[in-house]
Amino acid sequence: MENPINVPRLPRKRRSLAQELVTVLTEQIRDGLLKRGDKLPTESAIMEAHGVSRTVVREAISRLQAAGQVETRHGIGTFVLDTPSPSGFRIDPATVVTLRDVLAILELRISLEVESAGLAAQRRSDEQLAAMRAALDALNESAAHASDAVASDFAFHLEIALSTGNRYFTDIMTHLGTSIIPRTRLNSARLAHDDHQHYMDRLSREHEEIYEAIARQDSDAARAAMRLHLTNSRERLRQAHEEAQAQA
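Here the structure is a predicted model, which is why all the values come from computation and not from measurement. The numbering scheme is per chain: residues are counted from 1 as the chain's sequence reads. Owing to the predicted nature of the model, reporting of local features is limited to residues with pLDDT of at least 70; listing and counting of side-chain atom pairs is limited to 80 or more, with chain, interface and lining totals taken over all residues. To obtain the side-chain values, all non-hydrogen atoms of the structure were included, while hydrogens and water were left out.

Visitor: So what exactly am I meant to see when it comes to the confidence of the model for the protein chain here?
Guide: On average, residues of the protein chain score 78 in pLDDT, and 74% of them reach the 70 mark or higher. Within the model, pLDDT remains below 50 along residues 1-15, and this stretch shows 40 contacts once partners closer than five positions in the same chain are excluded. Confidence scores here are pLDDT values: one per residue, from the predictor, ranging 0 to 100. Note on contacts: a residue pair qualifies if any of its non-hydrogen atoms lie within 4.5 Å across the two residues.

Visitor: It is not clear to me how the pattern of salt bridges should be interpreted in this structure. Could you clarify?
Guide: Pairing between side chains of opposite charge can happen when the charged atoms of each approach one another. We count a salt bridge whenever a side-chain nitrogen from Lys or Arg sits within 4 Å of a carboxyl oxygen from Asp or Glu. Under the criterion given, the structure shown has ten salt bridges. Of the charged contacts in the structure, one is a salt bridge between aspartate 126 and arginine 124, with a shortest N-O distance of 3.1 Å. Under the scheme applied here, a residue whose accessible area is under 20% of the maximum for its type counts as buried, over 50% as exposed, and between as partly exposed, the area being computed with a 1.4 Å probe on protein chains only. Under the relative-accessibility criterion, aspartate 126 is labelled exposed at 59%. Taken together, the salt bridges that share partners define one network made up of Glu43, Arg54 and Arg58.

Visitor: Looking at this structure, I do not really get the nonpolar core. What am I missing?
Guide: If you look at soluble globular proteins, the nonpolar side chains tend to sit buried side by side. Met132, Phe156, Ile160, Ile210, Ile214 and Met226 are the most contacted members of the largest nonpolar core, which totals 25 residues. Going along the chain from the N terminus, every DSSP run of H or I of four or more residues is numbered as a helix, and every run of E of two or more is numbered as a strand. Within the residue set of this core, elements represented by two or more residues are helix H4 (99-123), helix H5 (126-144), helix H6 (150-163), helix H9 (196-215) and helix H10 (219-247). With nine residues, the single largest contributor to this core is H4. In this view, isoleucine 210 contacts Phe156, Ile160, Ala225, Met226 and His229; residues no more than four positions away in its chain are not counted. Think of a nonpolar core as a cluster: buried Ala, Val, Leu, Ile, Met, Phe, Trp, Tyr and Cys residues, connected wherever their side-chain atoms sit within 4.5 Å. Ranked by size, the runner-up nonpolar core spans 16 residues in total, among them Val22, Ile29, Ile46 and Ala60.

Visitor: Before we go on, may I ask you to explain the environment of glutamate 242 in this structure?
Guide: In this fold, glutamate 242 is placed in helix H10. Each C-alpha atom of the pair glutamate 242 and leucine 99 lies 9.7 Å from the other, and the pair is 143 residues apart in sequence.

Visitor: Even after reading the chapter, I still don't get the pairing of strand E1 (residues 70-73), so can you show me in this structure?
Guide: Looking down a regular strand, the side chains alternate between one sheet face and the other. One bridge is not enough; two strands pair if DSSP finds at least two bridges between them. As paired strands, E1 and strand E2 (residues 77-80) are joined by four bridges and run antiparallel to one another. Residue glutamate 71 lies in a different strand from E2, and its bridge partner there is phenylalanine 79. Taken together, E1 and the strand that follows it, E2, pair antiparallel across an intervening segment of three residues, in which glycine 75 is found at a positive phi of about 85°.

Visitor: Explanation requested: the packing of H4 against helix H7 (residues 167-176) in the structure shown.
Guide: Geometry of a packed helix pair, given as the angle between the helix axes and the separation of the axes. Simply put, an axis is a line fit to the C-alpha atoms, just over the touching stretch for a helix, and the angle between two N-to-C directions goes from 0 to 180 degrees. Look at H4 against H7: their axes get within 11 Å of each other, and the N-to-C directions meet at 140°. Classified by the interaxial angle, the pair formed by H4 and H7 is oblique. The crossing of H4 and H7 is left-handed. Residue-level contacts link Leu108, Leu112, Glu113, Glu115, Ser116 and Leu119 of H4 to Phe169, Ile172, Met173 and Leu176 of H7. Under the scheme applied, nonpolar residues are Ala, Val, Leu, Ile, Met, Phe, Trp, Tyr, Cys and Pro; charged residues are Asp, Glu, Lys and Arg; polar residues are all the others, including Gly. Considering only residue class, the contact of H4 with H7 consists of seven nonpolar, one polar and two charged. Roughly parallel covers angles under 35 degrees, roughly antiparallel covers those over 145, roughly perpendicular covers 65 to 115, and oblique covers all other angles. Each crossing is labelled by how the near helix is turned from the far one, with a counterclockwise turn of less than a right angle marking it left-handed and a clockwise turn marking it right-handed.

Okay, here's the thing in C-alpha cells:
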C-alpha cells in the first residue's frame, strides 16, 4: 500500500537537499511509518510534500537503493526492503577523510569482494545478472554526463554481493555504504594525475571485465578481475599518498 507523507517541507540546510530527503525517508522507515514491503509515494507526491525537484527525489531514491533500503521495480514503483538498524556496524563517512583512510577501506574491500565476485559467478541468476547490467549502464550514463556516479558504482558492487546468495556479504556491504567508493571522499582522478574522462573510462573497462566474467560464470576470472580493479584503485591512491608525504 502506498503511504502518504505527512511531514514538514525540508529545511534548506548546508547538506544537499537529496541527503536531507534521504534522512527524512530513512527516519520514516526506522520509525515504522514506512514498513518492509510498503510502496513509497510517487515522485510527484514526494516533490510536492517536500518542495524539491524531480532530480533531487531521484538522487535520494538512488542513495536509498545503494544503501539497500529500497528497491525499484520498473513499471510498478519503489518498495521498502528493510528497517535500518540504529546500532548496526557502520563506517562513519565523516571518519574516512584521508588517503590513508581510503587505502585502508580498499584493503578491506579486496579481502571481501574478490571472494564475493567468485561466488557471484557461480550462483548468480539471470535476474541478478540483469540488475548488474542495469547498474553498469546507469554508471556509464552518469559518467558520460559528468554527474555523480557513486550511487550506481556502489549499486553494481552491491548486486554482486547479493548474487553470492550469502546474506552476510550483502549485510557487510550495506553497512559499509557508499563510503567505500574512493571518490566519495577524494578526487581520485586528480590524485592519480589523470583527466576525469580517461579515469572513468578505465574504471568502466575494469567493471565490464568483472561483469563479463560473472556473466559467463567463470569464478576464477571474476575473482581476478575484481582483484585487479580494486588493486589498481589502491595502487593509484597509494602512489598519490607517497607523493603527498614526500611533499609534506
